[in-house]
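Read off the chains here:
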Amino acid sequence: MFTETTLQKQSLGAATLGAIGVVYGDIGTSPLYTVKEVFAPATGVALTPENLIGAVSVIFWALMLVVTLKYVTLILRADNRGEGGALALTALAAQAVADRPRLRLALLSLGVFGATLFYGDSVITPAISVLGAMEGLTVVTPDLAAWVLPLSIAVLIGLFVVQRFGTAAVGKAFGPVILLWFAVLGITGVMQIAQQPAILAALNPLHAFQFLAERGWHVFAVVGAVVLALTGAEALYADMGHFGRRPIQLAWTGLVLPALALNYMGQGALLMGDPSAIENPFYRLFPDAWVLPAVGLATMAAIIASQAVISGAYSVTRQAIQLGFLPRMTVRFTSAREFGQIYMPAVNWALLGGVVAAVLAFGSSSALGGAYGIAVTLTMLITTVMTFFVVRESWRLPAPLAWGATLFFLAVDAVLVAGCAVKLFDGGWFPLALGLGLFTLMSTWARGRAQIMDSIQRDGLALAPFISSLDPSDLQ
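What counts as what
Position labels on residues start from 1 in each chain and follow its written sequence. Reporting in this predicted model follows two pLDDT cut-offs: at least 70 for local features of residues, and 80 or more for side-chain atom pairs to be given and counted; totals over whole chains, interfaces and linings ignore these cut-offs and use all residues. Heavy atoms from the whole structure form the basis of all side-chain values; hydrogens and water molecules are not counted. Helix numbering and strand numbering both begin at the N terminus, where a helix is a DSSP run of H or I of at least 4 residues and a strand a DSSP run of E of at least 2. In what follows, a contact means two residues having at least one pair of non-hydrogen atoms within 4.5 Å. In this description, accessible areas are obtained by the Shrake-Rupley approach with a 1.4 Å probe, and a residue is regarded as covered only by the protein chains that are shown. The charge count includes Lys and Arg as positive and Asp and Glu as negative, but it does not include His or the ends of the chains. Charge placement uses NZ in Lys and CZ in Arg. For Asp and Glu, CG and CD serve respectively. Fitted lines through C-alpha atoms serve as axes, helices being fitted only where they are in contact, and the angles separating the N-to-C directions of these axes extend from 0 to 180 degrees. Oblique is the label for any angle not under 35 degrees, not over 145, and not in the 65 to 115 range, which are roughly parallel, roughly antiparallel and roughly perpendicular in turn. Two helices crossing with the near one rotated counterclockwise from the far one by less than a right angle form a left-handed crossing, whereas a clockwise rotation gives a right-handed crossing. What a helix should span is 1.5 Å times the count of its residues minus one. Using a 1.4 Å probe on the protein chains alone, a residue whose accessible area is under 20% of its type maximum counts as buried, one over 50% counts as exposed, and one in between counts as partly exposed. We call a set of buried residues a nonpolar core when its members are Ala, Val, Leu, Ile, Met, Phe, Trp, Tyr or Cys and they connect through side-chain atoms within 4.5 Å of each other. Nitrogen and oxygen atoms within 3.5 Å of one another constitute a polar contact, given that in protein one can donate a hydrogen and the other can accept it, and given that sequence-neighbouring residues count only through two side-chain atoms. Each Phe, Tyr or Trp ring (for Trp, its six-membered ring) is paired with any other whose centre lies within 6.5 Å, and the angle between the two planes then decides the class: stacked below 30 degrees, edge-to-face above 60, tilted in between. Just to be clear on terms, a salt bridge is a Lys or Arg side-chain nitrogen sitting within 4 Å of an Asp or Glu carboxyl oxygen. Confidence of the predictor at the level of single residues is given by pLDDT, which spans 0 to 100.

Participant: Can you walk me through the overall build of the chain in this structure?
Facilitator: For the chain, the count of helices and strands is 21 helices and 2 strands. Here the C-alpha coordinates of the chain stretch approximately 95 × 55 × 50 Å along the principal axes. Intrachain contacts of the chain at a sequence separation of at least 6 include 83% that bridge at least 24 residues. Working note: accessible area of the chain is about 20,400 Å², and carbon and sulfur atoms make up 67% of it. Put simply, the chain has 24 plus and 24 minus side-chain charges, and the middle of one group is 8 Å from the middle of the other.

Structure below.
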């Protein structure tokens, strides 16, 4: 016999599994390329044990500060009737300053711009995740290099085709795969750490500060690479309406963060013992006989990684429609229990077109690494600004606490934005151009809609006087 408590626990367990399968696939595939990009020639970082400890320390503490402290602990508390994301937060901030029209308008404009930047992330993330996984085929044999692009496109098309079955169904199917993925991340990391335990010094934040301080002006190039480890932070907030706050928090603290930390340290440990593994440190974690199965698992994880931004794009689009920034579109509710689980065909196929175009235009995960970052870091900065008005005006937190937390996170966000800005001409222009185009479209639609409503109110026939003027005898 099932009690209400038992059913609640089962529901929480199912939601947590779904959150693992949908929300954290994105950030879970970052180990495929992050460490390699930190030590790419463009960053100027020498492959020494001290730099390896410092770089891994920066990645670890970036995860702790940005994802754990800012998003999982703070931002997820700012839900708008169960919904999350840039526009949900914007609506909360605008409501908090409703008595100041100019500030409210400025926040609405800033929030809409942040939402359009999220679409840039929604295009780049599936492309870089799947390409990064497929490039593992070249580790098996260089002869497979010609198949990377066509196979990536085929996988992406299949991913977008299954979206019509709904987030819950996709999450249940993907959950076990991602569970296996994170288990593999943790186990392979532990195996390398056992051989080079010196990498555990990366847990000390002083190594991160020292590493960044020694970089000089090259620090921005390094930060631009470290941002790759934070992919999916904004998407986990946008996906809150699909699963709820508690399952997302449980999944992060109980599984995702430990697995990621162990794998990044494992890659650092591997490189301390074998610097030549920098060509692809993730796949070199595996024995030769296990590389091909690892490529298969990574490909499935990369497919799932794209789910976070896809479902997040559905939520953001519905919020934009409700706020009057986009025309009405077909919204299909895919769950009888969860209001936030939706599927939007028009958004789905538009995203597929953008993703395929990005894969063909950039051609590799390294090239897309230049495009990734600036849009998502700007969105993070805008989120910090919006959160200040929510915590200060709505939650009534003490001014010193609200200002102190906001200035701290603004400083972190500013460094991340500056690090990605150096990649502006290496592809960073792409998500910005896409965001600006969408911002123009959305702001134009909202302005036109407002003008039509003003015209109706000004020139239309008022209903109450019209009813009063009717002669009752004319109705008989």
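Here the narrative resumes, following the displayed structure.
Participant: Help me understand the packing of helix α5 (residues 86–96) against helix α18 (residues 374–394) in this model?
Facilitator: When two helices pack together, their arrangement is given by the angle between the helix axes and by the axis-to-axis distance. Where α5 contacts α18, the two axes come as close as 8 Å, and the packing angle between them is 45°. Here α5 is positioned oblique relative to α18, judged by the angle of their axes. In this structure, α5 meets α18 at a crossing whose hand is left-handed. Contact residues: Leu89, Thr90, Leu92, Ala93 and Ala96 in α5; Thr383, Met386, Thr387, Phe389, Val390, Glu393 and Ser394 in α18.

Participant: Sorry if this is basic, but what is going on with helix α19 (residues 399–421) here?
Facilitator: The α-helix advances 3.6 residues per turn, and as a result positions three or four apart in sequence lie on the same side. The terminal C-alpha atoms of α19 lie 32 Å apart, and with 23 residues this matches the ideal 33 Å at 1.5 Å per residue to within 8%. Taken together, the buried positions of α19 are Ala402, Thr406, Phe409, Asp413, Leu416, Val417, Gly419 and Cys420. Looking at the buried residues of α19, the elements they touch are α4 (49–74), α11 (219–226) and α18.

Participant: Teacher, can you tell me more about the nonpolar core here?
Facilitator: The nonpolar side chains of a soluble globular protein tend to be buried with one another. Membership of the largest hydrophobic core comes to 151 residues, with the highest contact counts inside it found for Tyr24, Leu63, Val67, Trp181, Phe182, Trp252 and Leu260. When residues of this core are assigned to their parent elements, the largest contribution, 16 residues, is made by helix α15 (residues 291–322). What Leu63 contacts, discounting residues up to four positions off in sequence, is Ile27, Thr68, Ala229, Leu230, Trp252, Leu257, Leu260 and Tyr264.

Participant: How should I be thinking about the environment of Val219 in this particular structure?
Facilitator: Residue position: Val219 is located in helix α11. For Val219, a relative accessible area of 15% translates into the label buried. Along the sequence, Val219 and Gly44 sit 175 residues apart, while their C-alpha atoms lie 9.4 Å from each other.

Participant: Where do I start with the packing of helix α6 (residues 101–134) against α18 in this structure?
Facilitator: For the pair α6 and α18, the least separation of the axes is 9 Å and the interaxial angle reads 150°. In this view, α6 runs roughly antiparallel relative to α18, as classed from their interaxial angle. The hand of the α6/α18 crossing is left-handed. Side by side, α6 and α18 meet where Leu103, Leu107, Leu110, Gly111, Phe113, Gly114, Leu117, Phe118 and Asp121 of the first sit next to Ala375, Val376, Leu378, Thr379, Ile382, Val385, Met386 and Phe389 of the second.

Participant: Can you help me understand the side chain of Lys70 in this one?
Facilitator: Structurally, Lys70 is set in helix α4. Relative accessible area serves as the criterion here: at 1%, Lys70 is assigned to the buried category. Separated by 3.0 Å, the side chains of Lys70 and Asp413 make a polar contact.

Participant: What am I meant to see in α6 here?
Facilitator: Compared with the 50 Å implied by 1.5 Å per residue over 34 residues, the 50 Å span of α6 between its first and last C-alpha is a close match. Burial analysis of α6 places 25 of its 34 residues in the buried class, the great majority of the element.

Participant: What exactly am I supposed to notice about unusual backbone geometry here?
Facilitator: One can expect most non-glycine residues to show negative phi and most peptide bonds to be in trans. Unusually for a residue other than glycine, Arg396 sits at a positive phi of about 60°. With respect to the helices and strands, the residue Arg396 is situated in the loop between α18 and α19.

Participant: Help me understand the environment of Ala235, please; the structure alone is not making it clear to me.
Facilitator: Here Ala235 shows up in helix α12 (residues 233–238). The buried category is assigned to Ala235, whose relative accessible area is 0%. Residues Ala235 and Val331, 96 residues apart in the sequence, show an inter-C-alpha distance of 20 Å.

Participant: What's the story with the environment of Asp143 in this structure? I'm lost.
Facilitator: Inspection of the secondary structure assignment puts Asp143 in the loop between α7 (137–140) and α8 (148–161). For Asp143 and Leu17, which are 126 residues apart along the polypeptide, the C-alpha to C-alpha distance reads 38 Å.

Participant: Would you explain the packing of aromatic side chains in this entry?
Facilitator: Two aromatic rings are characterised by how far apart their centres lie and by the angle between their planes. What the rule picks out here adds up to 13 aromatic pairs. Ring centres 5.7 Å apart and planes at 75° place the aromatic pair Phe362 and Phe430 in the edge-to-face group. A residue pair is termed long-range when its members are at least 10 positions apart, and Phe362 in helix α16 (residues 345–362) and Phe430 in helix α20 (residues 429–459) qualify at 68 residues. Each member of the aromatic cluster is reached from another via a ring pair, and the members are Trp181, Phe282, Tyr283 and Phe286.

Participant: What am I meant to see in the pattern of salt bridges here?
Facilitator: Two side chains bearing opposite charge may form a pair once their charged atoms approach each other closely. If you walk through the whole model with that rule in mind, you get 5 salt bridges. Put simply, Lys70 and Asp413 hold a salt bridge, and the shortest N to O gap is 3.0 Å. Of this pair, Lys70 sits in helix α4 while Asp413 sits in helix α19, and the two are 343 residues apart along the sequence. Under the relative-accessibility criterion, Asp413 is labelled buried at 1%. In this structure, Arg100 and Glu393 form a salt bridge, with 3.3 Å as the shortest nitrogen-oxygen distance. Placement of the pair is Arg100 in the loop between α5 and α6 and Glu393 in helix α18, with a sequence separation of 293 residues. Owing to a relative accessible area of 34%, Arg100 belongs among the partly exposed residues under this scheme. Among the ionic contacts, a cluster of salt bridges with common partners joins Asp99, Arg100 and Glu393.

Participant: Which parts of the structure should I look at to understand the side chain of Thr383?
Facilitator: By the secondary structure assignment, Thr383 is in helix α18. Aside from chain neighbours lying at most four places away, what touches Thr383 is Tyr71, Ile75, Leu89 and Glu234.

Participant: Hey, could you run me through the confidence of the model for the chain in this one?
Facilitator: Reading predicted coordinates in detail is not appropriate for stretches of low pLDDT. Taken over all residues, the pLDDT of the chain has a mean of 84, while the share at 70 or more is 91%. Under a pLDDT of 50 for its full length, residues 1–7 has, in the predicted model, 2 contacts with residues more than four places off or in other chains.

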